Amino acid sequence: MSKLNERKVAVVGCGFVGSASAFALMESGLFSEMVLIDVNKDKAEGEALDISHGLPFAKPMSIYAGDYKDAGDAAVVVVTAGAGQKPGETRLDLVKKNVGIFKSIIPEITKYNKDGILLIVANPVDILTSVAAKLSGFPENRVFGSGTVLDTARFKYLLGEHLDVDSRSVHAFIIGEHGDSEIAAWSSANVSGIPINDFCEMRGHFEHEKSMKRIAEDVKNSAYGIIEKKGATYYGIAMSVRRICEAIIRDEKSILPISSIQHGDFGIDGVALSMPAIVGRNGVEGSVPIRLSDDEKAALKASGDTLKQVLEEAF
Ligand code: 6V0
């Protein structure tokens, strides 16, 4: 087994999500080497060439199509391989198809790479993160999913629009499943320390219940709406992958709602779902069990129960 190259990333699956993520990672300047892997070798080669042609406008790095052996020393392996969500299909519908794909690719990755971080992106991401943790045998801090990092970005974006404020000043999380049972954690949401309802009133919005419901529904249905219109979603998730890799490689100890195996917080055990966590060079370095209302706690527990049931059926 080779020593890890701290400046190397591997992207497995070079479809919409994998190629957009590879492009975002190229632009980030975080890595000096990137290997793209796909069952469709031509696709991986085509993407590697196309993305490489942007390098004169970015920072030098080596980008090439390869196989699992080439991922042996990657500090981070991003797994996006899997069938995409079809119009009308829920993420959970995808489960059996993608668990099958993971049974073939995770052992291939871990045959050559024993020390890297597995960042799972393919859907249903929480189930596949649990499956990847089992199949890889890696310590749980080194196997986690992009979870609700994307949903949280959508949430911040929509709140920023609603309140006419920079979305980076909005502190709010979507937690639980990346999917239909996800929860908008309103009770802890704030804008630069000002509780969300107070900030809403400062901006002339007084119908809190109505706005909360609408925004949470819009976040939840974002992917369905985009898939309906253009067939896939990939730019938002690509930026999320880039942000997570940045927190890892720069050892930022950033708090991000990644999906990781839970151990009893809020009564959820043995299944991956998203809660804010500290992310650094060792992967998941600690959980941040934010304060939740009783309703949010109950919804989170229900989300965990749903995922656990699906995991038991699928694996
Ligand atoms: P896509 O464009 O069909 O790409 C999938 C790629 O995986 C294709 O290039 C396939 O050739 C490749 N592939 C399939 N099987 C294998 C295998 N055994 N080994 C290697 N490569 C393989 O799908 P798209 O890129 O749109 O989506 C990929 C996954 O990401 C899906 O599961 C989506 O649901 C998921 N997404 C996850 C998001 C998140 O927030 N976590 C967001 C968007 C999409």
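Presented here is a report on the structure given in the accompanying data block. Everything numeric here is computed off the predicted structure, so don't read it as measured data.

1. Considering the overall build of the protein
Alright, step 1. Each helix and strand counted, the protein has nine helices and 16 strands in total.
Alright, step 2. Computed over the C-alpha atoms, the radius of gyration of the protein is 19 Å, within 12% of the 20 Å expected from 2.2 N^0.38 for a compact globule of 315 residues.
Alright, step 3. Across its three principal directions, the C-alpha atoms of the protein cover 55 × 45 × 35 Å.
Alright, step 4. For the protein, buried positions account for 54% of its 315 residues.
Alright, step 5. When contacts within the protein are restricted to residue pairs at least 6 apart in sequence, those whose partners lie at least 24 apart make up 71%.
Alright, step 6. Put simply, the protein shows about 13800 Å² of open surface, and 52% of that area lies on carbon and sulfur atoms.

2. Some thoughts on the site of the ligand
Alright, step 1. F16, V17, D38, V121 and N123 are the nearest of the 27 residues found near the ligand.
Alright, step 2. Side-chain polar atom of D38 to an oxygen atom of the ligand: 2.6 Å apart, as the coordinates give it.
Alright, step 3. Expressed as a share of its isolated accessible area of 870 Å², the protein-covered part of the ligand is 84%.
Alright, step 4. Within the residue set of the shell around the ligand, elements represented by two or more residues are α1 (16–28) and α3 (95–112).
Alright, step 5. At four residues, the largest contribution of residues to the shell around the ligand is made by α3.
Alright, step 6. Of the residues belonging to the shell around the ligand, the class tally is 14 nonpolar, 12 polar and one charged.
Alright, step 7. Both domains that furnish three or more residues to the shell around the ligand are identified here as domain 1 (5–145) and domain 2 (149–314).

3. Some points on the state of the cysteines
Alright, step 1. Enumeration over the complete set of coordinates arrives at zero disulfides.
Alright, step 2. Cysteine C245 is unpaired, with the sulfur of C14 as its nearest cysteine sulfur at 14 Å.

4. Digging into the packing of α1 against helix α2 (residues 41–52)
Alright, step 1. Taken N-terminus to C-terminus, the directions of α1 and α2 make an angle of 30°; their axes are 10 Å apart at the nearest point. One element, α1, and the other, α2, form an angle in the roughly parallel class. For α1 against α2, the interelement crossing comes out right-handed. On the side of α1, the interface is formed by S19, A22, F23 and M26, while α2 contributes K43, E47 and I51.
Alright, step 2. When grouped by side-chain class, the residues that make up the contact of α1 with α2 number four nonpolar, one polar and two charged.

5. Structural notes on the environment of K213
Alright, step 1. Within the element layout of this structure, K213 appears in helix α7 (residues 208–230).
Alright, step 2. Judged by its relative accessible area of 64%, K213 falls in the exposed class.
Alright, step 3. Sequence separation between K213 and A184 is 29 residues, and the spatial gap between their C-alpha atoms is 9.3 Å.

6. Let's talk about the pattern of salt bridges
Alright, step 1. Throughout the structure, instances matching the rule amount to 16 salt bridges.
Alright, step 2. When the shortest N-O distance is used, the salt bridge between K8 and D73 registers 2.7 Å. Of this pair, K8 sits in strand β1 (residues 5–12) while D73 sits in the loop between β3 (62–65) and β4 (74–79); the two residues are 65 residues apart in sequence, bridging distant segments of the chain.
Alright, step 3. Across the pair D251 and K253 runs a salt bridge whose closest N-O atoms are separated by 3.1 Å.
Alright, step 4. A network of salt bridges, in which partner residues are shared, links R243, E246, R250 and E252.

Quick notes on the rules
- Along every chain, residues carry numbers that run from 1 in the direction the sequence is written.
- Where totals are concerned, whole chains, interfaces and linings use all residues; where local detail is concerned, this predicted model gives features only for residues with pLDDT of at least 70, and gives and counts side-chain atom pairs only at 80 or more.
- Hydrogens and waters are ignored; side-chain quantities use all the structure's heavy atoms.
- Helix and strand assignments come from DSSP, with helices taken as H or I runs of at least 4 residues and strands as E runs of at least 2, each series counted from the N terminus.
- Computation of the radius of gyration draws on C-alpha atoms alone. For the globule rule, the value is 2.2 Å times the number of residues to the power 0.38.
- We call a residue buried when its accessible area falls under 20% of the maximum for its residue type, exposed when it is over 50%, and partly exposed in between, using a 1.4 Å probe and counting protein chains only.
- Note on contacts: a residue pair qualifies if any of its non-hydrogen atoms lie within 4.5 Å across the two residues.
- Here, Shrake-Rupley sampling with a 1.4 Å probe gives the accessible areas, and only protein chains in the shown set may cover a residue.
- Being near a molecule or strand, for a residue, means having at least one of its heavy atoms within 4 Å of it.
- For the purposes of these results, a polar contact is taken to be a pair of N or O atoms within 3.5 Å, where, inside protein, one atom must be able to donate a hydrogen and its partner to accept one; residues adjacent in sequence count only when each atom of the pair is a side-chain atom.
- Charged residues are taken to be Asp, Glu, Lys and Arg, nonpolar residues to be Ala, Val, Leu, Ile, Met, Phe, Trp, Tyr, Cys and Pro, and polar residues to be all remaining types, Gly included.
- Domain borders in the structure are assigned automatically or taken from a domain database.
- Disulfides are defined in this document as cysteine sulfur pairs within 2.5 Å.
- Orientation is described by axes fitted as lines to C-alpha atoms, over the contacting stretch for helices, and by angles from 0 to 180 degrees between their N-to-C directions.
- For this classification, under 35 degrees means roughly parallel, over 145 means roughly antiparallel, 65 to 115 means roughly perpendicular, and everything else is oblique.
- In this scheme the crossing of two helices becomes right-handed for a clockwise turn of the near helix relative to the far one and left-handed for an anticlockwise turn of less than a right angle.
- Salt bridges are defined as contacts in which a side-chain nitrogen from Lys or Arg sits within 4 Å of a carboxyl oxygen from Asp or Glu.

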